[in-house]
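# Observations on the model geometry
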Amino acid sequence: MDKGKYGYIENHKKKLLISIIVLGLVIIVGVFFSVALFGTRKNLFIVLPILTCIPFAKQIVLYIMCANFKPLSKEEYNIINKKIDYANSNDLIYDLSFSRYEGILYFPVAVIRNGRILLLYNSGFKKKYPDNASLKKEIENSLVNRKDSYVVVLTTSLKEFISKANSIKAPTEEFISRDKKVRNSLFELGV
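### What about the packing of aromatic side chains?
- A complete count under the given rule lists eight aromatic pairs for this structure.
- A centroid spacing of 5.7 Å and a plane angle of 65 degrees characterise the contact between Phe-32 and Phe-33, whose relative ring orientation is edge-to-face.
- Residues Tyr-150 and Phe-175 carry aromatic rings whose centres are separated by 6.3 Å and whose planes lie at 85 degrees to one another, so their mutual orientation is edge-to-face. Pair noted here: Tyr-150 is in the loop between helix H4 (132-142) and strand E4 (151-155) and Phe-175 is in helix H6 (residues 173-189), with a separation of 25 residues, a long-range link.
- On the basis of relative accessibility, which here comes to 13%, the residue Tyr-150 falls in the buried class.
- According to the relative accessible area criterion, Phe-175 is buried, its value standing at 15%.
- Linked through ring pairs, Tyr-6, Tyr-77 and Tyr-94 together constitute an aromatic cluster.

Printed below as a string of C-alpha cells:
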C-alpha cells in the first residue's frame, strides 16, 4: 500500500508485526538448533540468530513508535469523502507522520494544496506540545529548510478540518508541481 492512502499506517503496523514474529522465530529456532545439533552455543551456526537480533530490535522500535498512532475510523473516512469536494484527488493524504529527533508527530489526514498544508491532529496535547501554537511552530520548524514556503494550518476536530479543507481553492498551475514535491518530501519525513 502506498504512503498517503487510507489504511497505510494499519497496514504498516501489520507488516512490522509479521516481521517481528518471523525474525523472533528465526532467532529462537537458530539458537535451538545450534544447541540441539552441537550441544553448545559456542559454534559458527549461532552467528545467524545473533545477526538477526539487529533487524529484530529495529522492527520492535518502529512498532513501538507507531503503536500510539490513532488513524481515522472508517466512518470518519467516509464523512471526509462525502464532504470534501476533492477527496479522491492526491491533494488529500492519510496517515502522515513527521519523524524528528524528539519523536514522531502523526496526523491521520492532511491536505497539501495551493501553497497550504492543512493537518488534522487527534492525539491530544501533552507536555511537549501544550497547545495548538507550539505544535504548529514545531511543524513549521520541520519544514523550515524547504525552498517553498507553505502556510501550515492545524486543526483538532474533523468538523474544523472539513470546513478549512473546503475553503482551500483549487491549485493554480504554479502550485500543482510544487504541491507534488512537498507531498513527496513529507512522505520522506516519516514512516
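### Digging into the side chain of Arg-113
- Assignment of secondary structure puts Arg-113 in strand E2 (residues 103-113).
- Ignoring anything within four residues of it in the chain, the contact list for Arg-113 reads Tyr-86, Asp-91, Ile-168, Lys-169, Ala-170, Pro-171 and Asp-179.

### Looking at helix H1 (residues 8-38)
- With 31 residues, H1 extends 44 Å from end C-alpha to end C-alpha; this agrees with the ideal 45 Å at 1.5 Å per step.
- Of the positions making up H1, those classed as buried are Tyr-8, Ile-9, His-12, Lys-13, Leu-16, Ser-19, Ile-20, Leu-23, Gly-24, Ile-27, Gly-30 and Ser-34.
- Buried positions along H1 lie against helix H2 (47-67), strand E1 (92-100) and E2.
- One or two positions beyond H1, positive phi appears at Gly-39, with a value near 75 degrees.

Reading guide: rules and limits
- Residues numbered from 1 in each chain as written.
- Predicted model: local features only at pLDDT ≥ 70, side-chain atom pairs only at ≥ 80, totals over all residues.
- Heavy atoms only, no water.
- Phe/Tyr/Trp six-rings, centres within 6.5 Å; stacked < 30°, edge-to-face > 60°.
- Helix = DSSP H or I, 4+ residues; strand = E, 2+ residues; numbered from the N terminus.
- Buried < 20%, exposed > 50% of the residue type's maximum accessible area, 1.4 Å probe, protein only.
- Contact = heavy atoms within 4.5 Å.
- Expected span 1.5 Å × (residues − 1).

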